[in-house]
Amino acid sequence: MTRERLLTFALLAALLALPFAAQALGYPFYTTLATRMAILALAATGLNIALGLGGLVSFGHAAFFGIGGYAAGIVATHAMNAQPLLGLDIPASMPLVWLLAALSAGLVAAITGAISLRTSGVYFIMITLAFAQMIFYFAISWKAYGGEDGLSIALRNGFPGMNTAVPRDLFMIAFALLLAGLLIFWRVRVSRFGAALHAARQNELRVAAIGIEPFPIRLVAFVVSAMITAVAGAMFAELNRFASPSMLAWPMSGELIVLIILGGTGRLAGPVAGAMLYVMLEYWLGSITERWQFFLGLTLLGVVLFARGGIVGLVAGKARHG
Amino acid sequence: MLLEVRNLQASYGASQALFGADLAVGEGEVVALMGRNGMGKTTTIRAICGLMANRSGAISFAGREVIREKPFRIARHGIGLVPEGRRCFPNLTVRENLLAAARPGKWTIATVAQLFPRLGERLSQYARTLSGGEQQMLAIGRALMTNPRLLILDEATEGLAPTVRRDIWSAIRRLKADGQSILVVDKTMVELLPVADRCVVLEKGHTAWTGRPDELTAELQDRYLGV
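The structure displayed is predicted, hence computed values, not measured ones. (Residues numbered from 1 in each chain as written. Chains lettered and ligands numbered in written order. Predicted model: local features only at pLDDT ≥ 70, side-chain atom pairs only at ≥ 80, totals over all residues. Heavy atoms only, no water.)

## Digging into the overall build of chain B
Link 1 in the chain: Scanning chain B from N- to C-terminus turns up nine helices and 10 strands.
Link 2 in the chain: On C-alpha atoms alone, chain B measures out to a radius of gyration of 17 Å, which is about the 17 Å that the 2.2 N^0.38 rule sets for 227 residues.
Link 3 in the chain: If you line up chain B on its principal axes, its C-alpha atoms span 45 × 40 × 30 Å.
Link 4 in the chain: Residues counted as buried form 58% of the 227 residues belonging to chain B.
Link 5 in the chain: Put simply, of all contacts in chain B between residues at least 6 apart along the chain, 67% involve residues at least 24 apart.
Link 6 in the chain: A total accessible area of about 9,300 Å² is found for chain B, and carbon and sulfur atoms account for 49% of it. (Helix = DSSP H or I, 4+ residues; strand = E, 2+ residues; numbered from the N terminus. Rg over C-alpha atoms; globule rule 2.2 N^0.38 Å. Buried < 20%, exposed > 50% of the residue type's maximum accessible area, 1.4 Å probe, protein only. Contact = heavy atoms within 4.5 Å. Areas by Shrake-Rupley, 256 points an atom, 1.4 Å probe, with all protein chains shown as cover.)

Structure (structure tokens):
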């Protein structure tokens, strides 16, 4: 077994054990932290397909994260008030939310990606940022769903066989989604599609000479990436019982990129390691000083300067991709 | 004819490099594209593969006119290119380099590994860590993975050690025996001529001579290929 695989299993085992250990030691709040770690890791895993494998530095993934959040909020609100949504009576169901979140974000990603992917480099970063900000401003002006105040979720959407009001149950759902997200990432990475996506990142003309058109491959990667991040956004809103406009704002996009860089760009376990470190820093440093992000910045600086493969690169060796 | 190129002209910006190249490759035929440095061999190949933006003339491949088509479409029609200087994807493993190019057909990672056993032993190694000869084997393997009707090799053995060159020529002979159509550029005449069915000589961007290898007399070689 490679060191990277060992590290992946170790990180996932530690994350899975955290809520149980927290319960046993009498710190139930840590279950919520573990859930936050799993959700952010899932969101970053989505972005990792576009950024880590495709080299697409999307500064607009907050839009997809927020679309997921609002899908959860809208379904919960309509279901609770027994109001039909688009003429249909809908149940307060998490799988339905994930489906809506993934489809909506996928559609938005297909449209914005079809335009954005005609650019590259800093222009791609700027155009994805611009689209995300457009969606942010649309959300805060949408009074029917809370406008600037966001959308509260009085009662979480349900999941068959689980009580989503119980923190450990919610964690287990988030953890299972994270495993599914990692499985998708891994399947993409070892597939012909993944190889072509990574090859297109290295040299467009060279991939054209072997019969590959880079644009549709990148678009599919961008859409899949957005769909995974949207499902994470839905879970984030469920966790906080609140779909906040800040989920759609550009700092969220930056946060997801930071998670990946901290953990290791293009590495399977990168987003998991990054999210775990990020949430730990946020919690422990945040309890010491309000300026905890200064120390996060120092950590990021250290990683960029001395461990460019992130935590995974530091432990498991040189990057497999990138 | 599988490939027919007529009056091919191409330029790099304002600088014209091809002034009317003509050549043809039949099914199962090996054609050697020859000429001194700077006579337009690589430009001809790049133009056939759609990698030159400024090109005109006629390129018919398998009965289809491809002069206006994009490079990826030309490759999908069945032209596999082994570019000059190998040009593998350095940050992909050997397996990933081959996998990225895979299209349905008889060539798979396993059959490429049979043709080049050294590649088979290095499937999980990064392309950037291979020797020059192994990278050339990988470039040929990658082109074969597209299951091409026509394989184009630009400078097939340039800069390689004699033992590696021998392996590459042996592989080319095996491909020829299997009926693979090949257009090949190389400077080692002693290896190139025995494998070629026909020769096309370029001189200052146009076709100066076409014929069988045994018709390429010492006088012609001196006139068109001598330094």
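## A closer look at the side chain of B:Glu69
Residue and element names in this part refer to chain B.
Link 1 in the chain: Within the secondary structure, Glu-69 is located in the loop between strand S5 (64–65) and helix H2 (71–77).
Link 2 in the chain: Arg-64 provides the closest opposite charge to the buried, salt-bridge-free Glu-69, at an N-O distance of 4.8 Å.
Link 3 in the chain: A distance of 2.8 Å separates a polar atom in the side chain of Glu-69 from a polar atom in the side chain of His-77.
Link 4 in the chain: For Glu-69, the residues in contact, after removing those within four places along its chain, are Arg-55, Arg-64, Ile-74 and His-77. (Lys, Arg positive; Asp, Glu negative; His and termini not counted. Salt bridge = Lys/Arg side-chain N within 4 Å of Asp/Glu carboxyl O. Polar contact = N/O pair within 3.5 Å; in protein donor to acceptor, adjacent residues only side chain to side chain.)

## Description of helix H11 (residues 270–288) of chain A
All names here are of chain A.
Link 1 in the chain: Taking 1.5 Å per residue, 19 residues should reach 27 Å; H11 reaches 27 Å between its end C-alpha atoms and fits that length.
Link 2 in the chain: Within the span of H11, buried status applies to Gly-270, Pro-271, Val-272, Ala-273, Gly-274, Ala-275, Met-276, Tyr-278, Val-279, Leu-281 and Leu-285.
Link 3 in the chain: Residues of H11 that are buried make contact with helix H1 (3–25), helix H2 (29–53), helix H6 (167–190), helix H10 (250–263), helix H12 (292–306) and helix H13 (310–316). (Expected span 1.5 Å × (residues − 1).)

## Quick look at the environment of B:Leu192
Residue and element names in this part refer to chain B.
Link 1 in the chain: When you line up the elements, Leu-192 lands in helix H8 (residues 189–195).
Link 2 in the chain: Here Leu-192 falls in the buried class, since its relative accessible area comes to 0%.
Link 3 in the chain: Taking the C-alpha atoms as reference, Leu-192 lies 21 Å from Ile-48; in sequence the two are 144 residues apart.
Link 4 in the chain: Discounting chain neighbours no more than four positions away, the residues touching Leu-192 are Ala-32, Met-34, Trp-169, Val-184 and Asp-186.

## What to know about empty space enclosed by the protein
Link 1 in the chain: Using the criterion set out here, one finds two cavities of 30 Å³ or more in the structure.
Link 2 in the chain: Taken together, the elements giving at least two residues each to the lining of the largest cavity come down to helix H3 (61–80), helix H4 (94–116) and helix H5 (121–140) of chain A.
Link 3 in the chain: If you tally residues by element for the lining of the largest cavity, the top one is H5(A), at four residues.
Link 4 in the chain: Tallied by class, the residues present in the lining of the largest cavity amount to seven nonpolar, four polar and no charged.
Link 5 in the chain: Taken as a whole, the second largest cavity holds about 30 Å³ of empty space.
Link 6 in the chain: The wall of the second largest cavity is formed by A:Ala209, B:Cys49, B:Pro71, B:Ile74, B:Ala75, B:Ile79 and B:Leu81.
Link 7 in the chain: Broken down by element, the residue count for the lining of the second largest cavity peaks at three residues, all from H2(B).
Link 8 in the chain: In terms of residue class, the lining of the second largest cavity is made up of seven nonpolar, no polar and no charged. (1 Å grid on protein atoms, 1.4 Å probe; cavity = no way out; pocket = protein on both sides within 12 Å on 5 of 7 lines; lining within 4 Å. Points joined across faces, edges and corners; volume = space filled by probe spheres on them. Nonpolar A, V, L, I, M, F, W, Y, C, P; charged D, E, K, R; others polar.)

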